[in-house]
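Here is how the chains run, residue by residue.
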Amino acid sequence: MNKTFVLALVFIATSAGVHAKPVQVFILAGQSNMDGQANVKTIDFLGEDKDPSRAALLKTFKPDGKTFVTRKDVWVANGGVNDILQTGFGGRKNYDQLGTNIGPEYAFGYYMGAALDEQVLLIKYGPGGQSLRINFRPPSAGPVEGVKSEDLGGQYRALVAIVHESLRNLKKNFSDYDEKTGYEIAGLVWFQGYNDLFDDAGRKEYGSNLVHLIKDLRSEFKSPNMKVVVGVMGVNGPKVEEVNIKQKEVRDGQRFVNTVPEFRGNVKAIESAPLLHPDIVAIKTAGWVNKDRDLKTQPVTPDEQAMLSRATSSQGFHYFGEGRFFILLGKSFAETMLELIGHSKP
């Protein structure tokens, strides 16, 4: 047999093997902070980090110092956009096109793509101003006294519908998708909680409602082994729990999944608050969380204002729109997901 022909056959077989594994699907769900409100211009502040290992991450996402990295081995379905991983999948006015913000999907997708041999698909849904107790209420959580059944779980149903629609249209939206090898729903990342702060029952029931959510989504998607990472709400930093019991109750509800025996090794809640830049938190919470500073007697300095201009782009409940935070958060989500699926970090 001709040697060139044999080599060609080997190449074809090898190439086919690369794509012979199911697409690994990860669902990213929550409210506006899963959507992401950090303008891309704030990502550069990562390079100023006092931790050299974190500062070095900027080169990962901006290798030439000018252009943000993209990944063809990671697809993203969000709103009306189905495209490769890149910046712009964060909150935006027109969800039929990319914008100028990022959420945790950017770094999460980058590190999942770097670690996994399979093609990765992220399906992201993060509508703003939605609670778990009412809007995302899962079916098994049951009724709520005084609330009509049709007013419960609307965002849960929307999430389910969007995931099913995205999976049905994989070949249409991503032409390289191989229908023969198919896909596997491998994981869920949940980042939410702010709107439950304002509901006494929502805070107290958060842990049980979250358990119901995880179980119901696993059942809905016929993925009993779907791994789950929960981002513990970190608005205004770690110390806010000392002055705001409502935040502590929601955070404890999210941490509750780490105590559920059947979730051991397949569900994990991780802290997000420590990822906020401490200098930004100290300024933005001066006088109430940071009681060591009164802005009336110690106003923001010109240097601090310049830093805030470089580093932030939104309000405190949006993690100050801090690109640095969302890069670190997405990285942490990816590292935890890889741990749960038994894969080494990239």
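Before reading further, recall that the structure is shown in the block above.
Before going into details, it helps to say that this report is about the structure given with it. (Residues numbered from 1 in each chain as written. Predicted model: local features only at pLDDT ≥ 70, side-chain atom pairs only at ≥ 80, totals over all residues. Heavy atoms only, no water.)

## Quick word on the overall build of the protein chain
So, step 1. Scanning the protein chain from N- to C-terminus turns up 13 helices and nine strands.
So, step 2. A compact globule built from 346 residues should have a C-alpha radius of gyration of about 20 Å, and the protein chain, at 21 Å, falls within 12% of that.
So, step 3. Considering only C-alpha atoms, the protein chain reaches an extent of 85 × 55 × 40 Å along its principal axes.
So, step 4. In the protein chain, which comprises 346 residues, the share counted as buried stands at 52%.
So, step 5. Partitioning the contacts of the protein chain with sequence separation of at least 6, the portion at a separation of at least 24 is 71%.
So, step 6. Approximately 16000 Å² of the protein chain is accessible, and the part contributed by carbon and sulfur atoms is 52%. (Helix = DSSP H or I, 4+ residues; strand = E, 2+ residues; numbered from the N terminus. Rg over C-alpha atoms; globule rule 2.2 N^0.38 Å. Buried < 20%, exposed > 50% of the residue type's maximum accessible area, 1.4 Å probe, protein only. Contact = heavy atoms within 4.5 Å. Areas by Shrake-Rupley, 256 points an atom, 1.4 Å probe, with all protein chains shown as cover.)

## Description of the packing of aromatic side chains
So, step 1. Counted under the stated rule, the structure contains 15 aromatic pairs.
So, step 2. Summarising the aromatic geometry, the rings of Phe26 and Phe108 are spaced 5.8 Å apart at their centres and angled 80° between planes, so their arrangement reads as edge-to-face. One end of the pair, Phe26, is in strand β1 (residues 23–30); the other, Phe108, is in helix α5 (residues 105–115), with 82 residues separating them in the sequence. The pair formed by Phe26 and Phe108 is uniform in burial state, with each residue classed as buried.
So, step 3. Judged by centre distance (4.5 Å) and plane angle (5°), the ring pair of Tyr319 and Phe325 falls under stacked. The same class applies to Tyr319 and to Phe325, which are both buried.
So, step 4. Ring pairs connect the aromatic residues Phe191, Tyr319, Phe325, Phe326 and Phe333, which therefore count as one cluster.
So, step 5. Here Arg71 stacks its cationic end above the ring of Tyr110, 4.9 Å away from the centre of that ring.
So, step 6. If you follow Lys331 out to its NZ or CZ, it ends over the ring of Tyr111, 5.8 Å from the centre. (Phe/Tyr/Trp six-rings, centres within 6.5 Å; stacked < 30°, edge-to-face > 60°. Lys NZ or Arg CZ within 6 Å of the ring centre and 35° of its normal.)

## Looking at the pattern of salt bridges
So, step 1. This model, assessed by the stated rule, comprises 21 salt bridges.
So, step 2. Arg133 serves as the salt-bridge partner of Glu205, at 3.4 Å between the closest nitrogen and oxygen. Taken together, the positions of Glu205 in the loop between α8 (200–204) and α9 (206–220) and Arg133 in the loop between β6 (120–125) and α6 (154–168) put the pair 72 residues apart, joining distant regions of the chain.
So, step 3. For Glu205, a relative accessible area of 26% gives the class partly exposed.
So, step 4. Salt-bridge contacts for Lys248 lead to Asp252; the nearest nitrogen and oxygen are separated by 2.7 Å. Here Asp252 and Lys248 lie together in helix α10 (residues 245–255), a separation of four residues that amounts to about one turn. (Salt bridge = Lys/Arg side-chain N within 4 Å of Asp/Glu carboxyl O.)

## Digging into the nonpolar core
So, step 1. Counting residues in each nonpolar core, the largest one holds 96 residues, and the members touching the most others are Phe26, Phe108, Leu121, Leu122, Trp190, Leu210 and Leu217.
So, step 2. Of the residues forming this core, the biggest block, 10 residues, is contributed by helix α13 (residues 323–340).
So, step 3. Beyond its immediate stretch of four places on either side in the chain, Leu217 contacts Tyr156, Leu159, Val160, Leu188 and Met226. (Core = buried A, V, L, I, M, F, W, Y, C linked by side-chain atoms within 4.5 Å.)

## Brief notes about the side chain of Gln130
So, step 1. Structurally, Gln130 can be placed in the loop between β6 and α6.
So, step 2. Note on Gln130: relative accessible area 12%, which makes it buried.
So, step 3. Among the polar contacts listed, one links the side chain of Gln130 to the side chain of Gln155, at a separation of 3.2 Å. (Polar contact = N/O pair within 3.5 Å; in protein donor to acceptor, adjacent residues only side chain to side chain.)

## Things to note about the sheet that holds strand β8 (residues 227–232)
Neighbouring strands of a sheet are bound in pairs by backbone hydrogen bonds; such pairs are parallel or else antiparallel.
So, step 1. Taken in spatial order, the seven strands line up as β4-β3-β6-β1-β7-β8-β9 in an open sheet, and their pairing is mixed. Edge positions in the open sheet fall to β4 (81–85) and β9 (267–271), since each of these has one partner strand only. Between one strand and the next, the sheet's axes are offset by a mean angle of 20°, whatever the strand orientation.
So, step 2. With six bridges connecting them, β1 and β6 associate as parallel partners. Within β6, the residue paired with Ile27 across the bridge is Ile123.
So, step 3. Sitting on the sheet, α10 is in contact with β8 and β9, with an inclination near 165° to β8. (Pairing = 2+ DSSP bridges. Axes fitted to C-alpha atoms, helices over the stretch in contact; angles between N-to-C directions.)

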